[in-house]
Amino acid sequence: NHKKGQWNKNIKKDIDPLQQWEIIGELGDGAFGSVYKAQNKETGVLAALKQVTINSEEDLEDFSVEINILAECVHRNVVGLHEAFFFDGKLWMFIEFCGAGALDSIMVDLEKPLTESQIRYVCHEMCVGLDVLHRHHVIHRDIKAGNVLLTMDGEVKLADFGVSAKNTQTHQRRDTFIGTPYWMAPEVILCETLKDTPYDFKADIWSLGITLIEFAQIEPPNKDMHPMRVLIKIQKADPPSLDQPSKWSKQFINFINKCLVKDPKQRPTAAELLEHPFIKDYTDKSSILDLIYESQKETSRY
Ligand SMILES: COc1ccc(Nc2ncnc(-c3cccnc3Nc3cc(NC(=O)c4cccc(C(F)(F)F)c4)ccc3C)n2)cc1
């Protein structure tokens, strides 16, 4: 019917994805449907496949936002969309497979935090990825170690498994539920006017600061506190900092302090952070390749 929204050009219609792709495994049960490992029959390329049953036009619009974000923000530091299908009442998203998985699982498997040189490299790559998203008016809104993927050759990619990312252009807000509070910026909790203003992308910069503490200590600050109490504490208390500052460089501590400023107007942009001495021109991936090697040895032990 003519009322149907303009069809999303990034989604292939009425083609059976399993003609081109073969499902070769499961990647655990996600919040939205389940996620599989798939392989392209022709090219051998690996993908993470998410199938979502579409029950309404609104569902389709919601997931179209996600597909449009990925189709628009094509960059080595943002997880890539191979292709998307609408078939058999389901949306099929084939995402480039990142072989080493998410950084929170790596730290949990190895039962240790990242070293400062590993944090410097990952932080640099995350700032480049955030700059790409923010330049496309996309706010991630759930930056944390669990949404940072690593490929086997040490590439760092921003992902969003909770799918809270919001495309300010379409002002379509993803599900209104509050995500995990530990990484949440003060203004996001208070719903201050700054939420929907040119500063709302600054929330990702605060979450980046919290994520750097998570990389250094395996957990974000206040992790053992009840989530509701955390919301109040983030509002009231001074910004968190590293438990053992003497273990870390002055530059690292200074970088975190720059991200964890409560007033979003005073927080730097991702582009400005890329000029900070802690990460400026830092592209040495050797320390993260060691981490991936250790992590693969650890998990292949079973
Ligand atoms: C041992 O465990 C693992 C786990 C994951 C992996 N590798 C991997 N590589 C790529 N994707 C995934 C993945 C895992 C679970 C759920 N979803 C995954 N990818 C995925 C991501 C998305 N969407 C986004 O990441 C996304 C959505 C909105 C915005 C954004 C962003 F703002 F970051 F660009 C990103 C959509 C569909 C899929 C299948 N997992 C390898 C081993």
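Look up a bit, the structure's there.
A quick note: this is a predicted structure, and the numbers were derived from the prediction, not measured.

**Focus: the overall build of the chain**
Across its full length, the chain carries 9 helices and 11 strands. The buried share among the 302 residues of the chain stands at 49%. Partitioning the intrachain contacts of the chain with sequence separation of at least 6 by distance along the chain shows that 70% fall at a separation of at least 24. Of the roughly 14700 Å² of accessible surface on the chain, 53% is carried by carbon and sulfur atoms.

**A word on the environment of Ser-300**
Mapped onto the elements of the fold, Ser-300 is located in the segment after helix H9 (286-299). Judged by relative accessible area, Ser-300 falls into the exposed class, the value being 53%.

**Brief notes about the sheet that holds strand S1 (residues 11-13)**
With mixed pairing, the 6 strands of this open sheet are ordered in space as S1-S5-S6-S4-S3-S2. Two strands in the sheet have a free side with no partner beyond their single neighbour: S1 and strand S2 (21-26). Pairwise comparison of adjacent strand axes, ignoring direction, gives a mean angle of 30° for this sheet. Taken together, the 5 bridges between strand S3 (residues 35-40) and strand S4 (residues 46-53) define a ladder with antiparallel strand orientation. Note on S4: the bridge partner recorded for Gln-39 is Leu-46.

**Quick notes on the pairing of strand S6 (residues 90-96)**
Here S6 lies mainly inside the structure; 5 of its 7 residues are buried. Sheet topology places S4 next to S6; 7 bridges connect them, and they run antiparallel. Paired with Ala-48 across the two strands is Ile-95, which belongs to S6. Note: strand S5 (residues 81-87) against S6, 6 bridges, orientation antiparallel. In the sheet register, Glu-83 faces S6, and the bridge partner there is Phe-94. Turn length for the S5-S6 hairpin, with the two strands adjacent in sequence and antiparallel, is 2 residues, and the turn residue Asp-88 shows positive phi of about 55°.

Cut-offs used in this document
Residues numbered from 1 in each chain as written. Predicted model: local features only at pLDDT ≥ 70, side-chain atom pairs only at ≥ 80, totals over all residues. Heavy atoms only, no water. Helix = DSSP H or I, 4+ residues; strand = E, 2+ residues; numbered from the N terminus. Buried < 20%, exposed > 50% of the residue type's maximum accessible area, 1.4 Å probe, protein only. Contact = heavy atoms within 4.5 Å. Areas by Shrake-Rupley, 256 points an atom, 1.4 Å probe, with all protein chains shown as cover. Pairing = 2+ DSSP bridges. Axes fitted to C-alpha atoms, helices over the stretch in contact; angles between N-to-C directions.

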